[in-house]
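Commentary on secondary and tertiary structure
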Amino acid sequence: MILIDRVTKIYDKSEQHSLDKVSLHIKPGEFVVLIGASGAGKSTLLKLLTREITPTAGKIVIGGLDYDDILEYEVPALRRRIGTIFQDFKLLPNRTVFENISFSLEISGASNKEIQTIVPKMIQTVGLAAKRDRFPDELSGGEKQRVAIARAMVRNPKILIADEPTGNLDIKNSAEIITLLSQINKSGTTVLLVTHDINIVKTLKRRTIALDHGRVVSDAPAGGVA
């Protein structure tokens, strides 16, 4: 599903290796946790996967698609195959729960009939049926993240990247979001979770990859802790 082969990224200004010959293979349907201190290279790796930046050297292949062969106009279609959620939710403040989720379908050209069929099901999946007409400022942090997850999943991506999704949440809401991500993974979606919370790592007991100064320093199997 995700193949990263000896990938190096050097930013021009610093000439320092943000990533240094990183190699990883993530199988379809895996749930992988990525950890590392600030500056370890986690954000750079995610930007490479979503093609926000390109590697200085090395190869990236996702779902059989070689990133070396992707043309610039094909990047939006690539990103539609990868769902992404963030710590700060990135919801549209003037749109309701329904409208925030449907926006992802609108920009991909879905018909109104498709939107009216798909979005309510996704709202039900994330447990927000009673909040579908609420605006973001009427929701709790956990509810906002559920909207963000629904928006990321509404196009049925094969991969979900969760970048510190519990960073702004309390313990209870964090646990609920991790449970939801686990349920999504059980449905067949490959999940890559970035977190600094070692308690989440211990609770999940999934394959855990640790980055440090741009290199993979540990890759612990399911049930292990990096």
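Not measured: the values here are computed from a predicted model.

So, how was this worked out
- Residues numbered from 1 in each chain as written.
- Predicted model: local features only at pLDDT ≥ 70, side-chain atom pairs only at ≥ 80, totals over all residues.
- Heavy atoms only, no water.
- Helix = DSSP H or I, 4+ residues; strand = E, 2+ residues; numbered from the N terminus.
- Expected span 1.5 Å × (residues − 1).
- Buried < 20%, exposed > 50% of the residue type's maximum accessible area, 1.4 Å probe, protein only.
- Arc of directions from axis to C-beta.
- Pairing = 2+ DSSP bridges.
- Right-handed = clockwise from strand over helix to strand, strands pointing away.

**Quick look at helix H4 (residues 112-125)**
End to end, H4 covers 20 Å across 14 residues, agreeing with the expected 20 Å (1.5 Å per residue, within 8%). Along H4, the residues classified as buried are Ile 115, Val 119, Met 122 and Ile 123. In a view along the axis of H4, the buried residues occupy a sector of 100°, so they form one face of it. Looking at H4, the residues exposed on the side facing more than 90 degrees away from the buried face are Lys 113, Lys 121, Gln 124 and Thr 125.

**Considerations on the pairing of strand S8 (residues 190-194)**
A large share of S8 lies buried, amounting to five of its five residues. Residues of S8 alternate between two faces, with Thr 190, Leu 192 and Val 194 on one and Val 191 and Leu 193 on the opposite face, all of them buried. Bridging between strand S3 (residues 31-35) and S8 involves four bridges; their strand directions are parallel. Residue pairing across strands places Val 33 opposite Leu 193, the latter belonging to S8. Tracing the backbone out of strand S7 (residues 159-163), into helix H6 (residues 171-186) and back to the parallel element S8 gives a crossover that is right-handed.

**As for the pairing of strand S9 (residues 207-212)**
With respect to burial, S9 is a largely interior element, five of its six residues being buried. Examined bridge by bridge, S3 and S9 share four bridges and lie parallel to one another. Across the sheet, Val 33 pairs through a bridge with Thr 208, a residue of S9. With five bridges joining them, S9 and strand S10 (residues 215-220) adopt antiparallel strand pairing. What sits directly across from Ala 210, in S10, is Ser 218. Between the end of S9 and the start of S10, which pair antiparallel, lie two residues, with His 213 showing a positive phi angle near 50°.

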